[in-house]
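The primary structure of each chain is shown beneath.
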Protein chains: 2
Amino acid sequence: MKLFHSPYSPFVRKVMVVAHEVGLVGRIECLPGAAHPTQRDHTLLAQNPLAQVPTLIGEDGQILADSRVICEYLDTLGQGTLFPRSGPARWVALIDQSMADGLLDAALLIRYERTIRPETERSDAWLAGQRAKIEGVLAAFEERADAFGDRVDIGTIAIGCALGYLDLRFGDWPWRDTVPKLAAWAGGFGARPAMVATRPPDPVST
Amino acid sequence: MKLFHSPYSPFVRKVMVVAHEVGLVGRIECLPGAAHPTQRDHTLLAQNPLAQVPTLIGEDGQILADSRVICEYLDTLGQGTLFPRSGPARWVALIDQSMADGLLDAALLIRYERTIRPETERSDAWLAGQRAKIEGVLAAFEERADAFGDRVDIGTIAIGCALGYLDLRFGDWPWRDTVPKLAAWAGGFGARPAMVATRPPDPVST
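Residues numbered from 1 in each chain as written. Chains lettered and ligands numbered in written order. Predicted model: local features only at pLDDT ≥ 70, side-chain atom pairs only at ≥ 80, totals over all residues. Heavy atoms only, no water.

A word on the pairing of strand β1 (residues 2-5) of chain B. Residue and element names in this part refer to chain B. Pairing of β1 with strand β2 (residues 29-32), which is carried by four bridges, proceeds in the parallel orientation. Within β2, the residue paired with Lys2 across the bridge is Glu29. Crossover connection from β1 via helix α1 (residues 10-21) to parallel β2: handedness right-handed. Where β1 meets strand β3 (residues 55-57), three bridges bridge the pair, whose relative direction is antiparallel. Bridge pairing in β3 places Phe4 opposite Thr55. (Pairing = 2+ DSSP bridges. Helix = DSSP H or I, 4+ residues; strand = E, 2+ residues; numbered from the N terminus. Right-handed = clockwise from strand over helix to strand, strands pointing away.)

Moving on to the pattern of salt bridges. Where charged atoms of side chains with opposite charge meet at close range, the side chains can pair. According to the stated counting rule, one finds 32 salt bridges over all chains in the structure shown. A salt bridge links Glu72 of chain B to Arg90 of chain A; its shortest N-O distance comes to 2.8 Å. Note that Glu72 of chain B is positioned in helix α3 (residues 67-77) and Arg90 of chain A in helix α4 (residues 88-116), a pairing that runs across two chains. Here the salt bridges share partners, and the residues they tie into one network are Lys14, Arg68 and Asp101 of chain A together with Asp66 of chain B. (Salt bridge = Lys/Arg side-chain N within 4 Å of Asp/Glu carboxyl O.)

Okay, the relation of the copies chain B and chain A next. Of the transformation placing chain B onto chain A, the axial shift is 0.0 Å and the rotation is 180 degrees, giving an RMSD of 0.0 Å. Accordingly, the operation relating the two chain copies is best matched by a two-fold axis. Identified as the residue of chain B closest to the rotation axis by C-alpha distance is Glu121 of chain B, at 1.9 Å. Most of the interface of chain B is mirrored in chain A, where 100% of its interface residues again form contacts. (Least-squares fit on C-alpha atoms with pLDDT ≥ 70 in both. Contact = heavy atoms within 4.5 Å.)

Let us now look at the domain arrangement of chain A. The extent of an interface is frequently quoted as the accessible surface area lost upon association of the parts. Residues and elements named next belong to chain A. Per the domain assignment, the segments of chain A are domain 1 (2-77) and domain 2 (88-192). A straight line from the C-alpha centre of domain 1 to that of domain 2 covers 21 Å. Across the boundary between the two partners, domain 1 contributes 15 residues, which contact 19 residues of domain 2. Summed over both sides, the interface of domain 1 with domain 2 buries roughly 1400 Å², with 67% coming from carbon and sulfur. For the domain 1 face of the interface with domain 2, the top three residues by lost area are Pro10, Phe11 and Lys14, together amounting to 35%. At the junction of domain 1 and domain 2, the tally comes to four residue pairs in polar contact (both at pLDDT 80 or more). (Domains from an automatic or database assignment. Buried area = accessible area lost by both parts, 1.4 Å probe. Polar contact = N/O pair within 3.5 Å; in protein donor to acceptor, adjacent residues only side chain to side chain.)

Here the focus is the sheet that holds β3 of chain B. Residues and elements named next belong to chain B. One open sheet accounts for four strands, arranged β2-β1-β3-β4; its pairing is mixed. With one partner strand each, in any of the chains shown, β2 and β4 (63-65) form the two edges of the open sheet. Each adjacent strand pair in this sheet contributes to an overall mean axis angle of 25 degrees, direction not counted. Contacts between α1 and the sheet are confined to β1 and β2, with β1 contributing the most and set at about 145 degrees to the helix. (Axes fitted to C-alpha atoms, helices over the stretch in contact; angles between N-to-C directions.)

In this section: the interface of chain B and chain A. Every contact between the two is made by 41 residues of chain B and, on the other side, 41 residues of chain A. Carbon and sulfur atoms make up 66% of the surface buried where chain B meets chain A, a total of about 3500 Å² over both sides. Inspection of the region where chain B meets chain A yields six salt bridges. One salt bridge in this structure joins Glu113 of chain B and Arg117 of chain A, with 2.8 Å as the shortest N-O distance. Linking chain B with chain A are eight residue pairs in polar contact (both at pLDDT 80 or more), by the criterion used here. The element best represented in the side of chain B that touches chain A is helix α4 (residues 88-116) of chain B, accounting for eleven residues. Looking at the side of chain B that touches chain A residue by residue, the classes come out as 20 nonpolar, eleven polar and ten charged. (Nonpolar A, V, L, I, M, F, W, Y, C, P; charged D, E, K, R; others polar.)

A separate point is the environment of Leu74 of chain A. Residues and elements named next belong to chain A. Along the polypeptide, Leu74 turns up in helix α3 (residues 67-77). Along the backbone, Leu74 and Gly102 are 28 residues apart, and their C-alpha atoms lie at a distance of 22 Å. Apart from the residues lying within four places of it in its own chain, the contact partners of Leu74 are Met1, Val15, Val18, Ala19, Val22, Leu24, Ile28 and Leu56.

In structure tokens form, the structure reads like this:
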């Protein structure tokens with residue numbers, strides 16, 4: 001399999017964490033991919049009209065875009081248990097993933113606003129709206145952090161990757177101060193080998 | 001069950017189409033919900049920190065956000081077959097959904113750009129990037145439209161709702177001219193009772 005990959009993308013990281021957890025990382029060749037909303041990567045575009053990373057070329061040559069689909073595909077292929085097959089555990093995992101992805105979508109929109117637009121085209125109201133979403137999701141996770149326990153599923157993986165992205169791109173945001181239980185959980189979860197192996201390198205550009 | 005609902009949201013429409021298709025629509029009470037990225041709906045916010053529609057309060061009181069999760073939940077509850085349980089059919093349906101949702105994300109970003117920001121804060125490069133994504137996804141669907149056949153699953157439902165949103169909010173975009181096979185498919189799919197019952201009303205505001 002081949003994966004269009006960026007070491008800074010939190011959605012790519014979700015996929016790579018899953019690959020590590022289910023033992024498939026050795027079967028994935030990573031290709032460099034740049035997901036930029038205005039300067040599109042034409043190699044990637046030839047495979048996926050959204051030109052987004054992660055994009056996976058699967059076992060049978062099929063193109064899978066979107067981290068949620070790719071993660072479930074790899075979990076199934078690797079006979080993992082990261083997507084509980086049915087019942088309440090499945091909904092909890094999927095709901096947590098959607099909340100963490102929602103946090104990430106907001107964080108990426110803030111980053112695009114700051115890095116792609118000249119200052120005159122930035123909107124304070126838009127930035128404030130996205131930031132409020134992030135704060136809201138963090139507060140919701142804090143309320144439930146005690147119950148995360150030792151859960152390792154697509155929900156907790158997504159949360160771990162989302163918090164890692166805050167550290168990568170919002171290093172001046174002391175989010176841990178307001179959500180101490182979540183921060184403590186993140187410290188433990190972040191020590192898993194799959195999380196350590198996928199930690200983004202120090203950023204070299206904006 | 002209770003669903004925070006807007007008649008114009010294409011993601012709410014996906015959920016309602018699924019509810020119709022699996023026979024659960026009578027068990028869902030729709031509550032008005034406004035998903036606005038800068039003016040947040042506080043009733044909705046109390047249930048979902050992302051303050052997005054659709055948000056579902058499920059059978060056991062659990063809060064499900066995100067149309068993909070809600071659709072799969074309803075399909076499971078209604079013993080539907082809109083999410084094929086396994087094998088290639090599942091991946092095709094999920095991949096089509098992710099492409100259609102990607103088209104919608106781009107369309108919504110264009111709409112937010114036009115309706116929320118004053119003209120001075122709009123970015124032509126951002127708008128062009130989002131439009132290119134929509135055009136790319138339409139072209140990819142056109143290549144495969146002959147193979148859609150009579151498929152009724154979460155993939156084709158998502159495609160139908162995405163195309164319906166182009167008609168609702170981009171009425172001056174003659175998208176059918178460039179993708180005639182897709183347009184013909186959309187005409188037939190749009191005649192399904194579940195699609196007719198969820199067609200958005202004429203817009204009354206921007």
